[in-house]
Amino acid sequence: MPDSTHSILPPGAGAHSAWHAQLRLGFAWHDGVSRLVERTHSGPLRVQKPLYPEGDAVCHAIIIHPPGGVVGGDQLAVDATAGEGAHALLTSPGAAKWYRANGHVSGQHIVLRAGSGAAIEWLPQESIFFDQACVRLRHEVELAADASYIGCDIVCLGRSASGEIFNTGSISQQVQIRRGGKLLWWEQGVLAAGGVLMASPLGLAGHTVCATLIAVGRPLAPAVLAALREIAVPAGALFGATQMKSLVVVRLLCGDSEAARRVMLAAWQLLRPAALGRAAVVPRIWNT
């Protein structure tokens, strides 16, 4: 059903033939169940049905992009709100593939909100950026003062298994997280393929996979933070975990997407019970 409310696609989308898609989701807590109460879309973005692998309290939604990849000029937008007391977990069925630009910039704009006592988790599988991709990514999170959030992002530059290197193109990223109206996290940057940051120790230090997990919720006990820092990582990888009051950030640089997934999964399994007060139940789609 087309969305009749305001568009969350970037200005200028639709200037040429490409996939322009948006998805709006709303979750509400009712009679002990986190229910998917709004599901509107325009273009090729879908959620087929709500899933409850860990009981009624948490609604899992698998976001599907039927084309299977994003080409130059495609624009994707997701707007999801967890209402008061609700808990939503959003994921994807497989890796996102960002193909060559063909002279056009692709984009993705994610807006996530959580009301009082609510929690929202953004846990897509990895994103693979092919050589010559040109992409702009925006990620915005708005939380009530007592709401919680976990988000994970795994970026793979080129296709190492196929010998492809990310030599041409660029990735622009912007992330902001607010809680109770206060800015907790602001990060932005542009990674130019073949540029200085690809090799610099202040950038990727020659690694092709960068993974980030951010959790906002209850402050961690020192033992949990210590356990995070003891997660086993691949040889030669760079890894760290930092707590800033109610926000925790975990980062990994390595050269293997499968290893990055394992490390981020281990971090999530430690962080979710501590920050959100709920055991980590792995979405079934990750095992298929």
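Everything that follows concerns the structure shown earlier in this document.
What you see is a predicted model, and the numbers here were worked out from it, not measured in a lab. (Residues numbered from 1 in each chain as written. Predicted model: local features only at pLDDT ≥ 70, side-chain atom pairs only at ≥ 80, totals over all residues. Heavy atoms only, no water.)

**Some remarks on the pattern of salt bridges**
Applying the stated criterion across every chain yields a total of nine salt bridges. Residues arginine 178 and glutamate 142 are paired through a salt bridge, measuring 3.9 Å at the closest nitrogen-oxygen approach. Of this pair, arginine 178 sits in strand β13 (residues 170-179) while glutamate 142 sits in strand β11 (residues 134-143); the two residues are 36 residues apart in sequence, bridging distant segments of the chain. Its relative accessible area of 27% is what places arginine 178 among the partly exposed residues. A relative accessible area of 36% means that glutamate 142 is categorised as partly exposed. (Salt bridge = Lys/Arg side-chain N within 4 Å of Asp/Glu carboxyl O. Helix = DSSP H or I, 4+ residues; strand = E, 2+ residues; numbered from the N terminus. Buried < 20%, exposed > 50% of the residue type's maximum accessible area, 1.4 Å probe, protein only.)

**Quick look at the packing of aromatic side chains**
Aromatic ring pairs are described here by two measures, namely the spacing of the ring centres and the angle between the planes. According to the stated counting rule, one finds three aromatic pairs in the structure shown. Between tyrosine 99 and phenylalanine 130, the ring centres sit 4.7 Å apart and the planes meet at 75°, which makes this aromatic pair edge-to-face. Highlighted residues: tyrosine 99 in the loop between β7 (96-98) and β8 (106-114) and phenylalanine 130 in the loop between β10 (127-129) and β11, separated in sequence by 31 residues. Note on tyrosine 99: relative accessible area 29%, which makes it partly exposed. Take phenylalanine 130: its relative accessible area is 12%, and that puts it in the buried class. (Phe/Tyr/Trp six-rings, centres within 6.5 Å; stacked < 30°, edge-to-face > 60°.)

**Focus: the packing of helix α2 (residues 222-229) against helix α3 (residues 257-276)**
One can describe the packing of α2 onto α3 by two numbers: an axis separation of 9 Å at closest approach and a directional angle of 170°. Viewed along their axes, α2 and α3 adopt a mutual orientation that is roughly antiparallel. Contacts between α2 and α3 involve Val224, Ala227 and Leu228 from the former and Ala267, Leu270, Leu271 and Ala274 from the latter. Looking at the contact of α2 with α3, its residues break down into seven nonpolar, no polar and no charged. (Axes fitted to C-alpha atoms, helices over the stretch in contact; angles between N-to-C directions. Parallel < 35°, antiparallel > 145°, perpendicular 65-115°, else oblique. Contact = heavy atoms within 4.5 Å. Nonpolar A, V, L, I, M, F, W, Y, C, P; charged D, E, K, R; others polar.)

**Observations concerning the sheet that holds strand β14 (residues 182-192)**
The strands making up a sheet associate through backbone hydrogen bonding, with each pair oriented either parallel or antiparallel. Strand order in the open sheet made by the seven strands is β2-β1-β5-β8-β11-β13-β14, with mixed pairing throughout. In this open sheet, the two strands that pair with only one neighbour each are β2 (33-42) and β14. The average angle at which neighbouring strand axes cross in this sheet is 5°, direction not considered. In this structure, strand β5 (residues 75-82) lies alongside β8, joined through eight bridges in parallel fashion. Residue valine 78 lies in a different strand from β8, and its bridge partner there is isoleucine 110. (Pairing = 2+ DSSP bridges.)

This is a description of form; function is not addressed.
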